[in-house]
Amino acid sequence: MNTENLSYLQKQLLNLGFGEKLNDELEKNIKSGKKEFTLDKTQEYNKQSVDYTLHYKAGDQNDMYFFNRYDASLRDKEMQQTFYINKGSGITAKEAYNLIEGRAVHKQLENLEGEKYNAWIIIDKENKTENGNYKLRPFTDGWNYKPERAVDKLDIVGINEDGAREKLMKSLEKGNRHQVTAMKDGKEVKLFIEANPAEHRINLTNWKGEAQQLEHYKKPELKADHKKDQKQAQNQENERAKQQSSKRGPKMSV
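Structural notes, computed from the coordinates. Here the structure is a predicted model, which means the values were calculated and not measured.

Calculation rules
- Residues numbered from 1 in each chain as written.
- Predicted model: local features only at pLDDT ≥ 70, side-chain atom pairs only at ≥ 80, totals over all residues.
- Heavy atoms only, no water.
- Pairing = 2+ DSSP bridges.
- Helix = DSSP H or I, 4+ residues; strand = E, 2+ residues; numbered from the N terminus.
- Axes fitted to C-alpha atoms, helices over the stretch in contact; angles between N-to-C directions.
- Contact = heavy atoms within 4.5 Å.
- Salt bridge = Lys/Arg side-chain N within 4 Å of Asp/Glu carboxyl O.
- Buried < 20%, exposed > 50% of the residue type's maximum accessible area, 1.4 Å probe, protein only.

1. Some details on the sheet that holds strand E2 (residues 48-58)
Point 1. What the 4 strands build is an open sheet, ordered E1-E2-E3-E4; its pairing is antiparallel. Where the open sheet ends on each side, the last strands, each with one partner, are strand E1 (36-45) and strand E4 (79-84). Across the sheet, the mean angle separating the axes of adjacent strands is 20 degrees when strand polarity is ignored.
Point 2. The sheet contact formed by strand E3 (residues 65-74) and E4 spans 6 bridges and is antiparallel. In the sheet register, Tyr70 faces E4, and the bridge partner there is Phe83.
Point 3. Sitting on the sheet, helix H2 (residues 23-32) is in contact with E1, E2 and E3, with an inclination near 170 degrees to E1.
Point 4. Contacting E1, E2, E3 and E4, helix H3 (residues 93-100) crosses the sheet at an angle of about 35 degrees to E3.

Here you go:
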């Protein structure tokens, strides 16, 4: 048995979020000399169970094994998606769950020429590949989606503490539904934030899952600017109405 190969595959499991519980089973299958084998694992996120089937295949020399892909199935939604491993890296187990849940993940990808690029990706549930897998829809840098533009407008409690903003942004990039406490009319409110690159915004919901408007949770100085802009716009509209009225001239009495 190639111990270096085994060590690499075990580290790969750890990096992809499958932990170390599969290590013994992985070693057992490699020692058996099977050409192909699978490993099964169930993990829970937010009280939802996700079943994973990891696919391994021996190389031409039979002393090297490769982790090529895994299937992820969310029980509550009866949906399965296959995620492929490229050069030892790919979508993590938690990111797979987030994608299946309908959220976006920010990843470094590689095109057919081997060039790396960054993109937000979502599962395109309207389109499938020939093998029945859902296509992944990318939003590259050219799409110019930056969730921090919206996040920085929110009056989030503790966001200025060391590392707080960075932690929030990294969590959104992993596709998480991140909980924060924001101020609304002088009161603290728990909110959940999700990235939404397709619509160039962030999704805000309360603890009931009800959609919230970003405008209600803006920083005080931004709310003041918004009200000022609204007043100016209204004044301009009133002025245009007066000008149009004067152009029509005085009403004629008959």
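2. Topic: the pattern of salt bridges
Point 1. For the structure on display, the rule yields 9 salt bridges.
Point 2. Measuring nitrogen to oxygen at the nearest pair gives 3.1 Å for the salt bridge that ties Lys107 to Glu95. One end of the pair, Lys107, is in strand E5 (residues 105-110); the other, Glu95, is in helix H3, with 12 residues separating them in the sequence.
Point 3. For Glu95, a relative accessible area of 7% translates into the label buried.
Point 4. Look at the salt bridges and you will find they share partners, linking Arg103, Arg177 and Glu194 into a network.

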